[in-house]
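Letter by letter, the chains look like this.
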Amino acid sequence: ITVVKTQEKKLRELQDKLASLSWLDPAAGSGNFLTESYLSIRKLENEILDLLFHGQVSLGYDEITPIKVSIGQFYGIEINDFAVTVARTALWIAENQMMKATEDIVHMSLDFLPLKTNAHIVEGNALRIDWNDVVDKSKLNFIMGNPPFVGARLMSAAQKEDVLSIFGAKWRNVGNLDYVTCWYKKAADMMAGTSIRAALVSTNSVTQGETVANLWKPLMESGVHIDFAYRTFRWDSEASIKAHVHCVIVGFSTAPNHKQKIIYSDNQPLAANNINGYLIDADNVFVESRSKPLCDMPEIGIGNKPIDGGYYLFTADEKDAFIQSEPASEKWFKPWYGSQEFINRKPRYCLWLGDCPPSELMKMPECLKRVQAVREYRLASPSAGTVKLAEKPTRFHVENMPKGTYVVIPEVSSEKRRYIPMGFMTPDILCSNLVKLVPNANLYHFGILTSNVHMAWMRAVCGRLKSDYRYSKDVVYNNFPWPEPTDEQRTRIEATAQAILDAREKYPEASFADMYGEHMYLFPELLAAHQANDRAVMQAYGMPIKETDEAACVAWLMRLYQEKVGEQK
């Protein structure tokens with residue numbers, strides 16, 4: 001009897017606990033998060049009631065209803081008036097649905113109408129409303145939601161004003177923050193000094209690139225820490241036009257760390273000592289924009305930016321037709337590679353007249369027509385700088401033409417690739433500003449850059465274009481902590497790097513898109529060469545090859561990054 005009474009006491013205490021909690025969704029939409037949360041908590045309460053009642057009516061409960069959990073514990077903010085109505089209705093329907101389930105447990109008839117509870121869904125702009133006016137923070141336990149995503153360069157004037165109202169004009173790089181970051185900041189402000197915990201679903205941009213330093217560094221310095229996280233996963237829209245959004249879930253608070261931190265990767269839970277802004281089990285490292293390489297390595301830059309209206313660029317067929325009409329132009333054509341041309345191993349061609357003497361140019365009327373078209377295109381621009389550039393119509397806006405061999409790295413590459421395809425180019429080839437160039441790079445540099453170690457770093461800290469990798473100069477390359485190999489290790493990396501180039505030449509008809517795509521296993525010599533190079537690079541870092549997965553590799557690099565930054569300071 002004593003055991004039964006103790007069990008009943010604990011069950012009732014748990015029910016009271018559930019009835020005391022409150023939730024806020026400050027981006028409520030049509031109320032899906034609130035409704036599902038209510039249903040989950042009520043199902044728990046029904047399990048408690050099932051254990052308490054044992055199929056019989058209990059006299060220890062209220063004569064009207066044994067239910068204690070209420071939709072009045074759930075609060076929301078939504079800017080769309082129709083969605084507010086839908087959210088309220090959804091909660092009432094959920095309340096009625098769960099009441100019917102409770103009736104089957106307690107064998108009592110419970111009246112749903114007239115409505116006795118209120119769905120607290122407030123209509124308004126969540127970024128202009130004081131959340132404490134919606135629900136007092138002393139009574140709030142959880143903040144959750146899926147805030148709207150608008151990129152920093154795509155916001156309306158009103159949305160930009162919202163961002164400034166949340167962060168203030170003095171917040172570092174506030175102009176580069178996406179709209180969704182406002183909900184992280186407001187949640188952090190509300191939970192300060194409380195035990196409130198928050199979990200937001202958002203695009204994975206909040207844990208990538210410069211955003212980590214811009215957003216998470218100040219938040220973590222103010223006492224925020226990440227309690228759990230789901231690394232990037234694809235959220236497929238149920239709409240007829242499919243939209244694939246790459247999301248993360250970040251659970252954070254300012255409350256004491258009393259629970260085991262967990263990182264979920266591919267739905268597998270991984271215990272973590274700390275979760276940093278990149279969702280890595282490592283110290284709170286913030287890789288900030290840097291204009292020069294962290295280590296003594298060749299500098300990287302962008303390719304050529306013509307601003308020519310396309311008049312100097314040709315397909316192979318267009319080039320041949322132009323040369324047929326003006327044979328003297330042939331020697332002024334150069335192969336032209338951007339990201340797509342490089343990855344597909346199919347160049348376009350550029351009519352480069354910047355070095356053509358005026359006396360020779362005057363003898364090529366078709367080339368002169370192109371020069372005049374470029375000049376007129378630039379003069380018509382609303383940009384004063386472009387108009388100024390019309391004074392030199394044969395030159396490019398940005399010119400980067402290395403005198404020797406250089407490494408090319410596509411700026412944007414598919415996230416499905418294990419390695420970003422990169423390679424060497426010679427001075428007779430021109431590249432666009434859609435690739436990065438590393439002049440004076442040798443086989444050793446190429447071996448490190450094309451390794452799984454550098455790829456792991458890139459995936460962790462780069463920005464994204466949709467889900468594709470966006471390789472950057474100031475964040476990815478310039479912050480990369482290079483190893484300090486022995487002469488023997490350097491020689492080995494040079495050999496494995498050359499083996500990668502040799503393996504590619506076995507497939508002259510295949511594009512890099514073919515070789516580095518999901519069917520890379522069809523190119524066994526190339527795959528084996530990369531794996532040998534990976535091992536050589538990891539040994540140069542002193543990494544335990546058999547025990548180092550990608551997350552551990554990034555954590556290793558972040559420790560090394562901290563050391564090198566500390567040495568410079």
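The structure under discussion appears in the preceding block.
Residues numbered from 1 in each chain as written. Predicted model: local features only at pLDDT ≥ 70, side-chain atom pairs only at ≥ 80, totals over all residues. Heavy atoms only, no water.

Some remarks on the overall build of the protein chain
Here is step 1: Counting secondary structure elements, the protein chain contains 19 helices and 20 strands.
Here is step 2: Judged by the C-alpha coordinates and their principal axes, the protein chain covers about 105 × 60 × 45 Å.
Here is step 3: Residues counted as buried form 51% of the 569 residues belonging to the protein chain.
Here is step 4: Considering only intrachain contacts with a sequence separation of at least 6, the fraction spanning at least 24 residues in the protein chain is 74%.
Here is step 5: Accessible surface computed for the protein chain: about 27,800 Å², of which carbon and sulfur atoms make up 52%. (Helix = DSSP H or I, 4+ residues; strand = E, 2+ residues; numbered from the N terminus. Buried < 20%, exposed > 50% of the residue type's maximum accessible area, 1.4 Å probe, protein only. Contact = heavy atoms within 4.5 Å. Areas by Shrake-Rupley, 256 points an atom, 1.4 Å probe, with all protein chains shown as cover.)

Here we look at the packing of aromatic side chains
Here is step 1: Going through the model one piece at a time under the given rule, you end up with 25 aromatic pairs.
Here is step 2: Aromatic side chains Trp 23 and Phe 74 sit 4.6 Å apart centroid to centroid with 5° between the ring planes, which places their arrangement in the stacked category. Here Trp 23 is found in strand β1 (residues 23–25), whereas its partner Phe 74 is found in strand β2 (residues 74–78), with 51 residues between them in sequence. With respect to class, Trp 23 is no different from Phe 74; both count as buried.
Here is step 3: Where Phe 314 meets Phe 333, the ring centres are 5.1 Å apart and the plane angle is 80°; that geometry is what we call edge-to-face. Of the two residues, Phe 314 is situated in strand β11 (residues 313–314) and Phe 333 in strand β12 (residues 333–337); the sequence distance between them amounts to 19 residues. (Phe/Tyr/Trp six-rings, centres within 6.5 Å; stacked < 30°, edge-to-face > 60°.)

Comments concerning the pattern of salt bridges
Here is step 1: By the definition in use, this model includes 22 salt bridges.
Here is step 2: Between Arg 172 and Glu 288 there is a salt bridge, and its shortest N-O distance comes to 2.5 Å. Placement of the pair is Arg 172 in the loop between α5 (157–167) and α6 (181–191) and Glu 288 in the loop between β9 (268–272) and β10 (301–302), with a sequence separation of 116 residues.
Here is step 3: The shortest N-O distance in the salt bridge between Glu 288 and Lys 217 comes to 2.8 Å. Taken together, the residues span a long stretch of sequence, with Glu 288 in the loop between β9 and β10 and Lys 217 in helix α7 (residues 209–221) at a distance of 71 residues.
Here is step 4: On the accessibility criterion, Lys 217 (25% relative accessible area) is partly exposed.
Here is step 5: It is possible to trace a salt-bridge network through shared partners that takes in Arg 172, Lys 217 and Glu 288. (Salt bridge = Lys/Arg side-chain N within 4 Å of Asp/Glu carboxyl O.)

Considerations on the pairing of strand β14 (residues 406–410)
Here is step 1: With five of five residues buried, β14 lies mostly within the body of the structure.
Here is step 2: Both β14 and strand β16 (residues 423–425) contribute to a ladder of three bridges, which runs antiparallel. Note on β16: the bridge partner recorded for Val 408 is Gly 423.
Here is step 3: Two elements, β14 and strand β18 (residues 435–439), share five bridges in a ladder whose sense is antiparallel. (Pairing = 2+ DSSP bridges.)

Looking at the packing of α6 against α7
Here is step 1: Look at α6 against α7: their axes get within 11 Å of each other, and the N-to-C directions meet at 10°. Comparing their axes, α7 and α6 come out roughly parallel. Every residue of α7 that contacts α6 at Thr 181, Tyr 184, Lys 185 and Ala 188 is listed here: Thr 211, Leu 215, Trp 216 and Leu 219. (Axes fitted to C-alpha atoms, helices over the stretch in contact; angles between N-to-C directions. Parallel < 35°, antiparallel > 145°, perpendicular 65-115°, else oblique.)

As for the sheet that holds strand β17 (residues 430–431)
Here is step 1: Reading across the sheet, the four strands line up as β11-β13-β12-β17 and stay open at both edges, with mixed pairing between neighbours. Among the strands making up the open sheet, the edge pair consists of β11 and β17.

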